[in-house]
Amino acid sequence: MQSLECATRFLNLQMHGQLPLPLPLISRNKFSYPLLVYKYTKSGIRLGLPNPCALPQSQSEDKDVDVGVSGSISKQEEEEEEEEEEEVRSSVSMTEKSNSETIITACLVGLVTGIAVVLFNNAVHEIRELFWDGIPLRGASWLREEPTQVIWKQVILVPASGGFVVSLLALLQTQLHSSSSPSNKLKAALLPFINTLAASVTLGTGNSLGPEGPSVEIGSSIAKALGTFLDKKPHTNLSLIAAGSAAGISSGFNAAVAGCFFAIESVLWPSPPDSSLSLQNTTSMVILSAVVASVVSEVGLGSEPAFKVPEYDFRSPTELPLYLLLGILCGLVSLTLSRCTSYMLVIVDNLHNSFGIPRALFPVLGGLSVGLIALAYPEILYWGFQNVDILLESRPFVKGLSADLLLQLVAVKIVATSLCRASGLVGGYYAPSLFIGAATGMAYGKFISFAVSQSNSMIHLSILEVASPQAYGLVGMAATLAGVCQVPLTAVLLLFELTQDYRIVLPLLGAVGLSSWVTSGHTRRRDVKEIKKLKDDSSHTTQQLTAKASYMSNLCEVESSLCVNSSDIEAEELEKGISVSEAMRTRYVTISMNTSLKDTVSLMLAEKQSCAMIVDDGNILIGLLTLREIEEFSKIVKARSERPKELLVSEICSLDGEICQVPWTATPSMDLLSAQMIMNKYGLNQVPVVKEHVEDRGGHPVGLLDTECISLTCRGQAARESLS
């Protein structure tokens with residue numbers, strides 16, 4: 001049988017041997033034995049030929065035929081193949097080792113962040129005990145019961161003294177920035193510590209901000225420090241920052257799930273698209289860091305949630321429209337807080353520029369203003385989350401507040417929080433957002449309960465079964481938090497994790513979704529208006545535009561304090577030292593109004609650019625045309641089913657006044673950091689660089705600045721400095 005099999009294989013070999021070389025790749029015959037196989041080695045391509053009377057390949061090694069050379073594979077080639085396999089195994093082993101080290105580093109970030117947040121909260125508590133000596137833990141409710149003439153000095157002077165200490169710390173921080181004696185690494189270590197100390201004083205003296213922003217900054221600073229110390233890659237550093245921010249939120253609220261989603265919404269989603277993140281490793285890092293930090297926080301601060309969840313109930317699905325209406329209301333309240341903060345920032349900057357008031361004086365004025373407001377409304381003082389418990393009526397022996405007083409608290413809390421933020425006091429927006437949302441929801445719930453109970457015979461509202469005001473208060477907290485900081489998933493999961501009640505999910509999702517939609521839609525409309533205003537008014541200086549961009553920043557960035565798209569101190573100083581002329585592209589496309597769109601696209605393809613500058617006969621910039629605008633215009637022309645003709649640039653520019661407009665131009669002497677801030681604010685991917693301005697028009701183009709060349713220049717400059 002074996003001889004027959006051998007003969008058959010030999011016959012097949014003879015038949016295939018009739019074919020001229022090079023032979024096609026033949027892997028197996030009908031007896032499932034290998035006949036002719038190409039083998040790729042470092043020295044070339046060889047054709048393997050098994051012994052006709054040999055056993056199958058699994059039982060015996062094939063003998064190779066060197067086509068046109070020797071007919072057998074050399075021992076050196078076998079060693080080369082073994083070396084290649086060894087390299088692959090070594091690479092896989094190194095990758096697994098690197099992943100294990102990264103996971104361990106994330107756990108270390110969670111551990112250190114949890115310990116740091118525990119120390120931070122204890123520091124706030126000790127400072128509060130020191131400055132508010134003799135006042136019980138229930139705080140604001142006790143202050144409301146005491147005569148004003150007895151407590152007015154303490155209520156006014158304590159927040160002001162906190163502002164004074166913050167001013168001293170701000171002067172120290174400014175000195176560190178301007179001084180060249182400490183190294184950048186030492187600055188990067190000292191500045192977060194000074195910020196944390198300033199936040200402890202701000203909150204311990206009762207100023208109207210929250211601890212979650214500093215907690216996130218603690219986590220992100222620890223993650224950056226560990227990433228720098230261990231010399232991690234940029235995408236690994238971003239994953240560590242996400243893990244640190246998750247640890248900060250989870251330890252602050254004792255809510256690990258909400259911390260994980262905060263990292264996703266605030267760090268990973270806004271991250272650059274070319275960050276090359278490994279989703280699996282990043283998710284593991286975030287989860288493990290949040291869990292470790294939450295466990296440490298539970299050991300150090302106790303297992304109680306941040307605020308006491310009151311007793312509440314949900315009566316009927318028919319009241320779901322009432323929660324949707326509450327979501328819209330909370331969205332409008334969130335917009336009020338954002339707009340008020342922006343206006344306060346502008347006012348403070350104008351006072352500093354116009355009247356020369358020192359920056360160091362504003363924290364004192366902010367604390368003094370908070371103290372004066374607290375004489376009439378002591379609930380606005382930060383007292384942990386005890387004031388939220390007062391609003392939700394979740395503490396025993398605490399008198400509930402009326403609906404009109406709750407509405408007043410919403411207004412004064414917005415003003416006090418905006419004053420604190422604009423004056424330079426340090427803290428976050430999560431706690432104020434939760435306070436404002438609780439007051440809004442409770443007032444809304446009490447109004448609904450009153451309307452149902454007082455319904456007349458014409459409007460039978462009594463048939464509705466409405467929940468208690470506490471249910472609306474809880475939903476209002478999440479809806480306002482989502483609207484202010486644009487973290488809808490975090491807000492939903494935070495309340496769900498704290499209440500542990502599935503019944504709250506449906507109204508929570510509806511209200512949070514509408515609140516986030518209202519604020520995000522208004523933000524987009526506002527940005528469009530700002531760009532239009534920018535196009536119409538070219539009198540703004542670069543400094544004014546840069547300041548305006550920072551004023552209108554999303555309060556999420558204020559809360560997280562880590563600005564993922566911006567860099568640390570070294571990178572920021574680096575961008576300040578780079579001019580636009582060093583980063584801009586000197587090869588760009590220029591066209592005229594009479595250029596055809598087909599030729600314009602050909603020029604873009606030749607220069608690998610996504611836009612073209614429109615110039616007049618005097619080489620003065622008059623417009624900017626992007627490839628996307630040409631694509632959209634071609635779809636419109638195609639939909640009209642018109643006869644194809646040569647389309648000119650002037651036709652697409654005359655179609656819509658917004659097309660071909662230049663929203664803003666940079667100059668070569670401008671620093672790169674200012675240009676990037678303006679581009680990020682107004683959503684510009686590329687801007688023309690002009691040599692000089694001519695009669696309110698663009699000027700002579702000398703280059704093109706886009707996000708890709710900014711990133712490339714910063715990376716290259718940093719690499720060059722590190723090598724030197």
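Residues numbered from 1 in each chain as written. Predicted model: local features only at pLDDT ≥ 70, side-chain atom pairs only at ≥ 80, totals over all residues. Heavy atoms only, no water.

### Examining the sheet that holds strand 4 (residues 590-591)
Here comes step 1: Pairing in this open sheet of three strands is mixed, and the strands run 4-5-6 from one edge to the other. Looking at which strands have only one partner, the edges of the open sheet turn out to be strand 4 and strand 6 (621-626).
Here comes step 2: Bridge count between strand 5 (residues 611-615) and strand 6: five bridges; the pairing is antiparallel. Bridge pairing in strand 6 places Ile614 opposite Gly623. (Pairing = 2+ DSSP bridges. Helix = DSSP H or I, 4+ residues; strand = E, 2+ residues; numbered from the N terminus.)

### Thoughts on the pattern of salt bridges
Here comes step 1: On inspection of all chains with the given rule, the structure shows six salt bridges.
Here comes step 2: The partner of Lys446 in a salt bridge is Glu393, with the nearest N and O atoms 2.9 Å apart. Of this pair, Lys446 sits in helix 14 (residues 430-453) while Glu393 sits in the loop between helix 12 (386-392) and helix 13 (403-423); the two residues are 53 residues apart in sequence, bridging distant segments of the chain.
Here comes step 3: Assessed through its relative accessible area of 28%, Glu393 is described here as partly exposed.
Here comes step 4: A salt bridge links Arg585 to Asp706, with the shortest nitrogen-to-oxygen separation between them at 2.7 Å. Placement of Arg585 in the loop between helix 21 (580-583) and strand 4 and of Asp706 in strand 8 (residues 701-706) is noted, with a sequence separation of 121 residues between them.
Here comes step 5: By relative accessible area, which is 25% here, Arg585 ends up partly exposed.
Here comes step 6: Bridged by salt links that share partners, the residues Arg585, Asp706 and Glu708 form one connected network. (Salt bridge = Lys/Arg side-chain N within 4 Å of Asp/Glu carboxyl O. Buried < 20%, exposed > 50% of the residue type's maximum accessible area, 1.4 Å probe, protein only.)

### Remarks on empty space enclosed by the protein
Here comes step 1: Per the stated rule, a full pass over the model turns up four cavities of 30 Å³ or more.
Here comes step 2: Approximately 90 Å³ is the volume found for the largest cavity.
Here comes step 3: Contributing to the lining of the largest cavity are 13 residues, with Tyr382, Gly384, Lys413, Ala431 and Phe435 lying nearest its centre.
Here comes step 4: Residue assignment for the lining of the largest cavity shows that the elements contributing at least two residues are helix 12 and helix 14.
Here comes step 5: Sorting elements by how many residues they give to the lining of the largest cavity places helix 14 first, with three residues. (1 Å grid on protein atoms, 1.4 Å probe; cavity = no way out; pocket = protein on both sides within 12 Å on 5 of 7 lines; lining within 4 Å. Points joined across faces, edges and corners; volume = space filled by probe spheres on them.)

### Concerning the confidence of the model for the chain
Here comes step 1: Per-chain confidence: the chain averages 76 in pLDDT, with 71% of residues scoring 70 or above.
Here comes step 2: Under a pLDDT of 50 for its full length, residues 1-47 has, in the predicted model, 77 contacts with residues more than four places off or in other chains.
Here comes step 3: Note that residues 534-569 has pLDDT below 50 and, in this model, 78 contacts with residues that lie over four places away or in other chains. (pLDDT = per-residue confidence, 0-100. Contact = heavy atoms within 4.5 Å.)

### A short note on the packing of aromatic side chains
Here comes step 1: For the structure on display, the rule yields six aromatic pairs.
Here comes step 2: Ring geometry for Phe253 and Tyr430: centres 6.5 Å apart, planes at 40°, overall tilted. With a gap of 177 residues between them, Phe253 in helix 7 (residues 234-253) and Tyr430 in helix 14 connect regions that are remote in the sequence. Summarising the burial analysis for this pair, Phe253 and Tyr430 share the class buried.
Here comes step 3: A ring pair is formed by Tyr444 and Tyr472, whose centres lie 5.7 Å apart and whose planes are at 65°; its orientation type is edge-to-face. With a gap of 28 residues between them, Tyr444 in helix 14 and Tyr472 in helix 15 (residues 469-485) connect regions that are remote in the sequence.
Here comes step 4: On the accessibility criterion, Tyr444 (8% relative accessible area) is buried.
Here comes step 5: Among the residues examined, Tyr472 registers a relative accessible area of 0% and is labelled buried.
Here comes step 6: Taken together through their ring pairs, the aromatic side chains of Phe253, Phe262, Phe385 and Tyr430 make up a single cluster.
Here comes step 7: Here the basic side chain of Lys413 rests over the ring of Phe435, its NZ or CZ set 4.8 Å away from the ring centre. (Phe/Tyr/Trp six-rings, centres within 6.5 Å; stacked < 30°, edge-to-face > 60°. Lys NZ or Arg CZ within 6 Å of the ring centre and 35° of its normal.)

### Points about the pairing of strand 6
Here comes step 1: Most of strand 6 sits out of view: five of its six residues are buried.
Here comes step 2: In this structure, the hairpin formed by strand 5 and strand 6 is closed by a connection of five residues, where Asn619 is found at a positive phi of approximately 60°.

### Quick look at a negative patch on the surface
Here comes step 1: On the surface, a cluster of negative charge is contributed by Glu78, Glu79, Glu82, Glu83, Glu84 and Glu85.
Here comes step 2: Along the polypeptide, Glu82 turns up in helix 2 (residues 75-131).
Here comes step 3: Residue Glu82 is classed as exposed on the basis of its relative accessible area, which comes to 51%. (Patch = residues over 30% accessible without salt bridge, like charges linked within 9 Å, V, L, I, M, F, W, Y side chains within 5 Å. Areas by Shrake-Rupley, 256 points an atom, 1.4 Å probe, with all protein chains shown as cover. Lys, Arg positive; Asp, Glu negative; His and termini not counted. Charge placed at Lys NZ, Arg CZ, Asp CG, Glu CD.)

### Brief notes about the state of the cysteines
Here comes step 1: For the coordinates displayed, the defined rule picks out one disulfide.
Here comes step 2: Between the sulfur atoms of Cys653 and its disulfide mate Cys660 the distance is 2.1 Å. Taking the sign of the S-S torsion, -80° for the link of Cys653 and Cys660, the bridge is left-handed. Exposure class is identical for Cys653 and Cys660. Each is buried. (Disulfide = S-S within 2.5 Å.)

### Notes on the environment of Ala199
Here comes step 1: Following the sequence through the fold, Ala199 ends up in helix 5 (residues 184-204).
Here comes step 2: Beyond its immediate stretch of four places on either side in the chain, Ala199 contacts Phe120, Pro214 and Val426.

### Observations concerning a nonpolar patch on the surface
Here comes step 1: On the surface, Leu108, Leu111, Val112, Ile115 and Leu119 cluster together to form a nonpolar patch covering roughly 400 Å² of accessible area.
Here comes step 2: Here Ile115 lies in helix 2.
Here comes step 3: Taking relative accessible area as the criterion, Ile115 reaches 42% and is therefore assigned partly exposed.

### Here we look at unusual backbone geometry
Note: most peptide bonds trans; most residues except glycine with negative phi.
Here comes step 1: Despite not being glycine, Asn254 has its phi angle at roughly 55°, a positive value.
Here comes step 2: Counting through the fold element by element, Asn254 comes out in the loop between helix 7 and helix 8 (256-268).
Here comes step 3: A relative accessible area of 18% places Asn254 in the buried class.
Here comes step 4: Backbone geometry places Lys608, a non-glycine residue, at a positive phi of 55°.
Here comes step 5: For Lys608, the location among the structural elements is in the loop between helix 22 (597-607) and strand 5.
Here comes step 6: Residue classification places Lys608 among the exposed positions, given a relative accessible area of 70%.

### Comments concerning the packing of helix 22 against helix 23 (residues 627-639)
Here comes step 1: Closest axis-to-axis distance for the helix 22/helix 23 pair is 11 Å, and the angle between their directions is 145°. Between helix 22 and helix 23 lies a crossing of left-handed hand. For the pair formed by helix 22 and helix 23, the contact residues are Leu597, Thr600, Val601 and Met604 on the first element and Leu627, Ile630 and Phe633 on the second.
Here comes step 2: The residue makeup of the contact of helix 22 with helix 23, split by class, is six nonpolar, one polar and no charged. (Axes fitted to C-alpha atoms, helices over the stretch in contact; angles between N-to-C directions. Left-handed = near helix turned anticlockwise from the far one by under 90°. Nonpolar A, V, L, I, M, F, W, Y, C, P; charged D, E, K, R; others polar.)

### Remarks on the pairing of strand 7 (residues 686-690)
Strand residues, when the strand is regular, have side chains that alternate between the two faces of the sheet.
Here comes step 1: The buried count for strand 7 comes to five of five residues, which makes it a mostly enclosed element.
Here comes step 2: Of the two faces of strand 7, the one holding Gln686, Pro688 and Val690 and the one holding Val687 and Val689 are both buried throughout.
Here comes step 3: Relative to strand 8, strand 7 runs antiparallel, the two being bridged by five bridges. Paired with Val690 across the strands is Pro701, a residue of strand 8.

### Topic: helix 15
Here comes step 1: Compared with the 24 Å implied by 1.5 Å per residue over 17 residues, the 24 Å span of helix 15 between its first and last C-alpha is a close match.
Here comes step 2: Counting buried positions along helix 15 gives 17 out of 17 residues, so the element sits mostly inside the fold.
Here comes step 3: Looking one or two residues past helix 15, Gln486 carries a phi angle of roughly 55°, positive in sign. (Expected span 1.5 Å × (residues − 1).)

### Remarks on the environment of Asp671
Here comes step 1: Positionally, Asp671 belongs in the loop between helix 24 (649-655) and helix 25 (672-682).
Here comes step 2: Sequence-wise, Asp671 and Ser579 are 92 residues apart; in three dimensions their C-alpha atoms are separated by 4.3 Å.
Here comes step 3: At a separation of 2.9 Å, a polar atom in the side chain of Asp671 contacts the main-chain amide nitrogen of Ser674. (Polar contact = N/O pair within 3.5 Å; in protein donor to acceptor, adjacent residues only side chain to side chain.)

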